[in-house]
Amino acid sequence: MVPDVSGYPAECLFDSPFTRPDGSFAQFYSNDCEGVVDLHFKMMAEHGISGAFLQRFYGYINEANGGWINVSGSGVFRKLVSHDVAQILNAAKDAAEKYGRGFVVEYDLNGAATASTNVTATFLADLAALGDITASPAYMHHEGKPVIEIWGFGIVNEVTVDDGIAIVTALKNAGFYVILGVQQAWHAEMIENQPGRFGPVYRLADMIQPWTVGAYDINSYPDFLSGRQAVEDAGALQDLGIDSSIVVWPGGSSSNANPNEQFDHFPRWNGSFYQMQLEGVLSLKPTFIFGAMFDDLNEGLSIFTVLRTSHFPPNQGFLGIDNDMATDAYLQMAGNAAARFAELWQ
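These numbers come from a predicted model, not from an experiment. (Residues numbered from 1 in each chain as written. Predicted model: local features only at pLDDT ≥ 70, side-chain atom pairs only at ≥ 80, totals over all residues. Heavy atoms only, no water.)

Thoughts on helix 1 (residues 36–47)
Counted at 1.5 Å a residue, the expected span for helix 1 with its 12 residues is 16 Å, and the 17 Å between its end C-alpha atoms agrees. Along helix 1, the positions that sit buried rather than exposed are V36, V37, L39, H40, F41, M43, M44 and H47. At the exit of helix 1 stands G48, carrying a positive phi of roughly 80°. (Helix = DSSP H or I, 4+ residues; strand = E, 2+ residues; numbered from the N terminus. Expected span 1.5 Å × (residues − 1). Buried < 20%, exposed > 50% of the residue type's maximum accessible area, 1.4 Å probe, protein only.)

The following block contains the structure:
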């Protein structure tokens, strides 16, 4: 996808190699430029979205040596050094405080490996270094505890069950409310309870968030909702006394990264796929709803403003918002659902 950069600071934009129908170059932005993160949190505030989880990939926690990381899911890669990433985190903190939004640090286990690193010690050291970030009044708390998410158990195979137990135990002992982002069939690991399965890790979580992106399409979602989510997941979480977080996503395509995948593998269907999920999740009333994602352009998951189909580069493998939709249509849908969700919990 290509962002709609209307309203972005001009000095934060750069031309890409891709041409638009009028012959101009499609432009992208850089999050480490002053004003971009502020604009994104302003979008959230204007549309009633509660806040953001800030992904922090394990492989790039130690940015002192620099690292190739994805800038806000844009699919445009550049070199960031430690002060750039620190600047983005601080910009998110400042913007969240300014606009009355919340934010959470979400660690992604990609890049972690039990055999080569002490994952628990790395997380604890990084959180200590981020003390000013997590001390922000905008940093999300639940049940009186600061929230942290660890994403990838059951998905990233290089981290063992024993390491998972150590990670979650250490974070809970440090006073955090721990959300685990896990593979979508997580409860099967609980039932089988086989050596090497992550059931013992999941049991320690305060909240479970199954990663369901790609698990269904518009035709199979109703059965997934009524079976997997409403019965299997809900029942398992209730028995365990663990809170529920459900992921919703607008559709997507990652054929640019996976050449064997069909382009536009999960169509958006003019917003109806996303709205169907929002209605479904509201009917289940979980503790939390996680929108995947705000600004992931690379896999076509963005809900923030992007170019319409008629405005993005032709024949270059890009998805766009349908031509008859407002560029902020998905933000509007998310914000409306957030308001209804808040009413459910009043």
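Here's the deal with the confidence of the model for the protein chain
Reading predicted coordinates in detail is not appropriate for stretches of low pLDDT. Predicted confidence across the protein chain gives a mean pLDDT of 89, with 92% of residues reaching 70 or more. For residues 63–83, every residue scores under 50 in pLDDT, and the model assigns this stretch 53 contacts once sequence neighbours within four places are set aside. (pLDDT = per-residue confidence, 0-100. Contact = heavy atoms within 4.5 Å.)

Some words on the environment of L344
With respect to the helices, strands and loops of the structure, L344 is situated in helix 10 (residues 329–344). The exposure class of L344 is partly exposed, given its relative accessible area of 36%. Residues L344 and L282, spaced 62 residues apart in sequence, show a C-alpha to C-alpha distance of 8.3 Å. If sequence neighbours within four positions are ignored, L344 has contacts with L282 and K285.

Here's the deal with the packing of helix 8 (residues 221–240) against helix 9 (residues 272–284)
Interaxial distance between helix 8 and helix 9 falls to 11 Å at its minimum, and their mutual angle equals 25°. Between helix 8 and helix 9, the interaxial angle falls into the category roughly parallel. The crossing of helix 8 and helix 9 is right-handed. On the side of helix 8, the interface is formed by Y221, P222, L225, Q229 and A230, while helix 9 contributes M276, Q277, G280, V281 and L284. (Axes fitted to C-alpha atoms, helices over the stretch in contact; angles between N-to-C directions. Parallel < 35°, antiparallel > 145°, perpendicular 65-115°, else oblique. Left-handed = near helix turned anticlockwise from the far one by under 90°.)

A closer look at the nonpolar core
Counting residues in each nonpolar core, the largest one holds 108 residues, and the members touching the most others are F153 and L180. At seven residues, helix 10 tops the list of elements feeding residues into this core. Ignoring any residue separated from it by four or fewer positions in sequence, one finds L180 in contact with E149, I150, F153, V168, V201, Y202, A205, M207, I208 and Q209. (Core = buried A, V, L, I, M, F, W, Y, C linked by side-chain atoms within 4.5 Å.)

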